[in-house]
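Topology and contacts: notes
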Amino acid sequence: MSTKSAGGSHFGVFQPEELFGQLKAEQVSRNYDMAARFIEAVLGLHVDASRLNESLRDGVVLCRLINTLRPGAVKRINTKTLPFTQRL
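Residues numbered from 1 in each chain as written. Predicted model: local features only at pLDDT ≥ 70, side-chain atom pairs only at ≥ 80, totals over all residues. Heavy atoms only, no water.

In helix packing, the relevant descriptors are the interaxial angle and the interaxial distance, both defined with respect to the helix axes. Interaxial distance between helix α1 (residues 16-43) and helix α3 (residues 60-69) falls to 10 Å at its minimum, and their mutual angle equals 55°. Classed by the angle they form, the pair α1 and α3 counts as oblique. Of the two elements, α1 crosses α3, and the hand of that crossing is left-handed. Of the residues in α3, those in contact with Phe38, Ile39, Val42 and Leu43 of α1 are Val61, Arg64, Leu65, Thr68 and Leu69. Grouping the constituent residues of the contact of α1 with α3 by class yields seven nonpolar, one polar and one charged. (Axes fitted to C-alpha atoms, helices over the stretch in contact; angles between N-to-C directions. Helix = DSSP H or I, 4+ residues; strand = E, 2+ residues; numbered from the N terminus. Parallel < 35°, antiparallel > 145°, perpendicular 65-115°, else oblique. Left-handed = near helix turned anticlockwise from the far one by under 90°. Contact = heavy atoms within 4.5 Å. Nonpolar A, V, L, I, M, F, W, Y, C, P; charged D, E, K, R; others polar.)

Here it is as C-alpha cells:
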C-alpha cells in the first residue's frame, strides 16, 4: 500500500531538505534580528531587521558602527547619495 496522495506527495515521510530549509530561514531571521538589536544598542539607531540589507547598503551605518567600536578606524564617511558611489 502506498502513502502517496493524488498530488504525488508522501505523508509521514521524512524530508530533511524541507526541514533544513525551514530551519535555515528561521536562523537567518534570528541573525537579522540580533544584528539589528546590536546596531541599535551600540549606535542608538533603530534599524528594522526586515529591511537590514537596505539600511546597510550605503555603508554609512557600518562605518559609524566601526568608528564607535574603534574610534578613528574609518577616517572619512562618505554620505553622498549619488548612485555611482553605492554598490547594488
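Following the sequence through the fold, Ile66 ends up in helix α3. With residues near it in sequence (within four places) discarded, Ile66 still touches Ala73 and Val74.

Turning our attention to the confidence of the model for the chain. Looking at the chain, the pLDDT average stands at 82 and 77% of residues meet or exceed 70. Below pLDDT 50 for its whole length, residues 1-5 participates in seven contacts with residues either more than four positions away or in separate chains. (pLDDT = per-residue confidence, 0-100.)

With that settled, consider a nonpolar patch on the surface. A cluster of nonpolar side chains, Phe14, Leu19 and Leu23, forms an exposed patch at the surface whose accessible area comes to about 310 Å². Among the structural elements, Leu23 can be located in helix α1. Assessed through its relative accessible area of 45%, Leu23 is described here as partly exposed. (Patch = residues over 30% accessible without salt bridge, like charges linked within 9 Å, V, L, I, M, F, W, Y side chains within 5 Å. Areas by Shrake-Rupley, 256 points an atom, 1.4 Å probe, with all protein chains shown as cover. Salt bridge = Lys/Arg side-chain N within 4 Å of Asp/Glu carboxyl O. Buried < 20%, exposed > 50% of the residue type's maximum accessible area, 1.4 Å probe, protein only.)

With that out of the way, let us pick up the side chain of Asn67. Residue placement: Asn67 occurs in helix α3. One polar contact links the side chain of Asn67 to the main-chain amide nitrogen of Val74, over a distance of 2.8 Å. (Polar contact = N/O pair within 3.5 Å; in protein donor to acceptor, adjacent residues only side chain to side chain.)

Glancing now at α3. All buried positions along α3 are accounted for by Val60, Val61, Leu65 and Asn67. For α3, the buried positions fall inside an angular range of 165° around the axis, keeping them on one side. (Arc of directions from axis to C-beta.)

Residue position: Ala36 is located in helix α1. By relative accessible area, Ala36 is classed as buried at 4%. Considering only alpha carbons, one finds Ala36 and Val47, 11 residues apart in sequence, at a separation of 5.4 Å.

Moving on, we come to the nonpolar core. Membership of the largest hydrophobic core is limited to seven residues, which are Ile39, Leu43, Val47, Leu52, Leu56, Val61 and Leu65. Elements that contribute at least two residues to this core include exactly α1, α2 (52-56) and α3. Not counting the four nearest positions on each side in its chain, Ile39 is found in contact with Gly44, Leu45, Val47, Leu52, Leu56, Val61 and Leu65. (Core = buried A, V, L, I, M, F, W, Y, C linked by side-chain atoms within 4.5 Å.)

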